[in-house]
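# Geometric and topological summary
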Amino acid sequence: AQKITQTQPGMFVQEKEAVTLDCTYDTSDPSYGLFWYKQPSSGEMIFLIYQGSYDQQNATEGRYSLNFQKARKSANLVISASQLGDSAMYFCAMRLDSNYQLIWGAGTKLIIKP
Amino acid sequence: DTEVTQTPKHLVMGMTNKKSLKCEQHMGHRAMYWYKQKAKKPPELMFVYSYEKLSINESVPSRFSPECPNSSLLNLHLHALQPEDSALYLCASSQDGLGTGENNEQFFGPGTRLTVL
C-alpha cells in the first residue's frame, strides 16, 4: 500500500538556522512524484517543490531543497536560512504515475523563533 | 494568472440551508479538485473533474453535490449539512489529470472555512 510518513508532528527552530523536515514514503510503483506543500494559518496550500522518481538530481527552489534518497525512500525538505514567515504546517505528498490522487503525510508544524 | 480563487472565504450555515462554494482558475488547467480538510489534518480528496467530467467521487455523501459548468469553474453545492461537515474546503487545479511531472502539480485556492450550526 502507498503511504507517506512524517515523523515530526512539531518543530521549533531558531530564525536564520537551516531546518530539515523528514518524509519517508512507501510504494512499489517505479514511477511517482513527491511534493512538498506549505500551509500557513490562513489556510492556503502553497506548492513548494517537486521531485520525480527518475530525477537524478535533487530538486531546488530558492531556499528550499529536497534531499531525495531513493534507496531509503526518503524525501526530506531542507529550508536554508529560516525566516519567521516560514512558520506553517508542511505536508509531504506522493502521486503515482498511474493515479492522480495525492497521498498525504500527516504534516509537520514548524515554528520559527525570533 | 497563476491563481485559484475561491468564494466565499467564510461561510456559516444552518443544517437546513442550501449554499454553494465557488472555485475559479484561468490557467487553462483541465483537472479540478475538491478537498475537505479538518484542523491539523491533511486534506481529504472529495471529487475530481477531468476535462469537465466527474472522474472521482470518493464516496462523498449526497448532501455534497459538485458541478463543473465549464473548464474554468467548479462549484460545490451544499444541502442539509451536519455540524461534522464544518471544515476548510479547498479547491485545486492541475494542468492534466493524468500522469506526473512538475507541470502537473496541484495549485490550491485559499479555501472556504465552513461552519455548520
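Structure: above.
Because the structure is predicted, anything quoted here is derived from the model rather than measured.

Cut-off values and rules
- Residues numbered from 1 in each chain as written.
- Chains lettered and ligands numbered in written order.
- Predicted model: local features only at pLDDT ≥ 70, side-chain atom pairs only at ≥ 80, totals over all residues.
- Heavy atoms only, no water.
- Pairing = 2+ DSSP bridges.
- Helix = DSSP H or I, 4+ residues; strand = E, 2+ residues; numbered from the N terminus.
- 1 Å grid on protein atoms, 1.4 Å probe; cavity = no way out; pocket = protein on both sides within 12 Å on 5 of 7 lines; lining within 4 Å.
- Points joined across faces, edges and corners; volume = space filled by probe spheres on them.
- Nonpolar A, V, L, I, M, F, W, Y, C, P; charged D, E, K, R; others polar.
- Contact = heavy atoms within 4.5 Å.
- Buried area = accessible area lost by both parts, 1.4 Å probe.
- Polar contact = N/O pair within 3.5 Å; in protein donor to acceptor, adjacent residues only side chain to side chain.
- Buried < 20%, exposed > 50% of the residue type's maximum accessible area, 1.4 Å probe, protein only.
- Phe/Tyr/Trp six-rings, centres within 6.5 Å; stacked < 30°, edge-to-face > 60°.
- Lys NZ or Arg CZ within 6 Å of the ring centre and 35° of its normal.
- Axes fitted to C-alpha atoms, helices over the stretch in contact; angles between N-to-C directions.
- Disulfide = S-S within 2.5 Å.

## With respect to the pairing of strand β8 (residues 73-79) of chain B
Residue and element names in this part refer to chain B. Relative to β8, strand β3 (residues 18-25) runs antiparallel, the two sharing seven bridges. Bridged to Lys19 within β8 is Leu78. The loop that links strand β7 (residues 64-70) with its antiparallel partner β8 comprises two residues.

## Looking at the layout of surface pockets
Computed from the structure, the largest pocket encloses a volume of approximately 540 Å³. Contributing to the lining of the largest pocket are 26 residues, with Gln39 and Met89 of chain A together with Ala39, Lys40 and Lys41 of chain B lying nearest its centre. Elements with a contribution of two residues or more to the lining of the largest pocket: β10 (88-96) and β12 (108-113) of chain A together with β9 (87-94) and β11 (112-116) of chain B. Within the lining of the largest pocket, the residues separate by chemical class into 12 nonpolar, nine polar and five charged.

## Overview of the interface of chain A and chain B
Note: interface size is frequently given as the accessible area lost on complex formation between the parts. Between chain A and chain B, the residue contacts involve 23 residues of the former and 29 residues of the latter. Taking both sides of the interface into account, the surface hidden between chain A and chain B amounts to around 2,000 Å²; carbon and sulfur atoms contribute 55%. Our enumeration of links across chain A and chain B arrives at four residue pairs in polar contact (both at pLDDT 80 or more). Of all the secondary-structure elements, those providing two or more residues to the side of chain A that touches chain B are β5 (32-39), β6 (46-52) and β10 of chain A.

## Let's talk about the pairing of β12 of chain A
All names here are of chain A. Residues Thr108, Leu110 and Ile112 point to one face of β12 and are all buried, whereas Lys109, Ile111 and Lys113, pointing to the other face, are not buried. With five bridges joining them, strand β2 (residues 10-14) and β12 adopt parallel strand pairing. When the sheet's bridge partners are listed, Gly10 is paired in β12 with Lys109.

## Points about the packing of aromatic side chains
Under the criterion given, the structure shown has 14 aromatic pairs over all chains. Arranged with centres 6.4 Å apart and planes meeting at 25 degrees, the rings of Phe35 of chain A and Tyr37 of chain A form a pair that is stacked. Judged by its relative accessible area of 1%, Phe35 of chain A falls in the buried class. Pairing Tyr37 of chain A with Phe108 of chain B gives two aromatic rings, centres 5.4 Å apart and planes at 85 degrees, and the pair type is edge-to-face. Of this pair, Tyr37 of chain A sits in strand β5 while Phe108 of chain B sits in strand β10 (residues 107-108), placing the two residues on different chains. An aromatic cluster is defined as three or more aromatic residues linked by ring pairs; in this entry it consists of Phe35, Tyr37, Phe47, Tyr50, Phe91 and Trp104 of chain A together with Tyr33, Tyr35 and Phe108 of chain B. If you follow Arg63 of chain A out to its NZ or CZ, it ends over the ring of Tyr64 of chain A, 5.7 Å from the centre.

## As for the sheet that holds β7 of chain B
Residue and element names in this part refer to chain B. If you walk across this open sheet you meet the four strands as β1-β3-β8-β7, and the pairing is antiparallel. For this open sheet the edge positions go to β1 (4-7) and β7, each flanked by a neighbour on one side alone. Direction aside, neighbouring strands of the sheet carry axes that sit 20 degrees apart on average. Across five bridges, β7 lies against β8 in antiparallel orientation. Across the sheet, residue Asn70 finds its bridge partner in β8, namely Leu73.

## A short note on the state of the cysteines
Residue and element names in this part refer to chain B. Within the structure shown, the criterion is met by two disulfides over all chains. The disulfide that involves Cys23 links it to Cys91, with 1.9 Å between the sulfurs. Since a negative S-S torsion denotes a left-handed disulfide, the Cys23-Cys91 link at about -70 degrees is left-handed. One end of the pair, Cys23, is in strand β3; the other, Cys91, is in strand β9, and 68 residues separate them in sequence. Of the two residues examined, Cys23 and Cys91, each falls in the buried class. Cysteine Cys68 shares no disulfide, and the gap to the nearest cysteine sulfur, in Cys23, comes to 9.3 Å.

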